[in-house]
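In case you want the letters, here they are:
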Amino acid sequence: MRDVYFQKMTPEGYQQIVDEIEALKRDRPSKIKQLQEARALGDLSENAEYSAAKRDLRHLESRLRYLNKQLQYAQIVKPQNDGKVDIGTTVELRFEDDDETETYHIVGKQEANVDEHKISFDSPIGRAIMHKPAGTTVKVTAPASSYEVTIKDVRM
């Protein structure tokens, strides 16, 4: 029997995928029309517009398949209100080496975006702090170095 791998994500991450699918579906008819218009121009072997339209439609269809797979294997995680770090919680961390404080939202792998302060539960720092309460100091082992962080606050 084959193991099924579920993608853990927040309800917000799930909704982002649903919204992107809807946007792509709305865009599909215009891509098909562009392909039909380019095909009508004649010789397909030397028709750059046809090749570009075909590539764009193929990319759109591929992205739709990928996103639908993401939804198919999605496991929406709602955090427990137990004061511990979990997917969907917001954590305030103090980096012990430079005494800097940062706030991050813990999300699924596909939702991670450091620029938006969203880190994956499966990143080195995410793995180190998961299921730990505020006040805990943990060692984070990253590919480039190791460092310590203290969990200052955990909130929903």
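Residues numbered from 1 in each chain as written. Predicted model: local features only at pLDDT ≥ 70, side-chain atom pairs only at ≥ 80, totals over all residues. Heavy atoms only, no water.

A few words on the sheet that holds strand S3 (residues 90–95). Taken in spatial order, the 5 strands line up as S5-S4-S3-S7-S6 in an open sheet, and their pairing is mixed. Two strands close off the open sheet at either side, each with one partner strand: strand S5 (118–120) and strand S6 (137–141). Each strand axis lies, on average, 45° off the axis of its neighbour in the sheet, ignoring direction. Pairing analysis gives 6 bridges linking S3 to strand S7 (residues 146–155), with the strands arranged antiparallel. Across the sheet, the residue bridging to Arg94 is Thr150, located in S7. (Pairing = 2+ DSSP bridges. Helix = DSSP H or I, 4+ residues; strand = E, 2+ residues; numbered from the N terminus. Axes fitted to C-alpha atoms, helices over the stretch in contact; angles between N-to-C directions.)

Turning our eyes to something else, we now look at the UniProt feature "domain: Transcription elongation factor GreA/GreB N-terminal" (unreviewed entry) in the protein chain. UniProt annotation of "domain: Transcription elongation factor GreA/GreB N-terminal" (unreviewed entry) refers to residues 8–76 when read in the numbering used here. Span residues 8–76 is 78% helix and 7% strand, its end C-alpha atoms 6 Å apart. (UniProt positions renumbered as here; feature names shortened; annotations may be inferred.)

Here we take up the environment of Gln75. Inspection of the secondary structure puts Gln75 in strand S2 (residues 74–76). For Gln75 and Leu64, which are 11 residues apart along the polypeptide, the C-alpha to C-alpha distance reads 19 Å. What Gln75 contacts, discounting residues up to four positions off in sequence, is Phe6, Gln7, Lys8 and Met9. (Contact = heavy atoms within 4.5 Å.)

This part takes up the nonpolar core. One finds Val85, Val91, Leu93, Ile106, Ile125, Ile129 and Val149 to be the most contacted residues of the largest nonpolar core, which totals 19 residues. Where this core is concerned, the elements lending two or more residues are S3, strand S4 (100–107), helix H3 (124–129), S6 and S7. Ile129 has contacts with Val85, Val91, Leu93, Ile106, Val138, Val149 and Ile151, leaving out every residue within four places of it along the chain. The next biggest cluster of nonpolar side chains, apart from the first, holds 9 residues, and it includes Leu24, Leu64, Leu71 and Ala74. (Core = buried A, V, L, I, M, F, W, Y, C linked by side-chain atoms within 4.5 Å. Buried < 20%, exposed > 50% of the residue type's maximum accessible area, 1.4 Å probe, protein only.)

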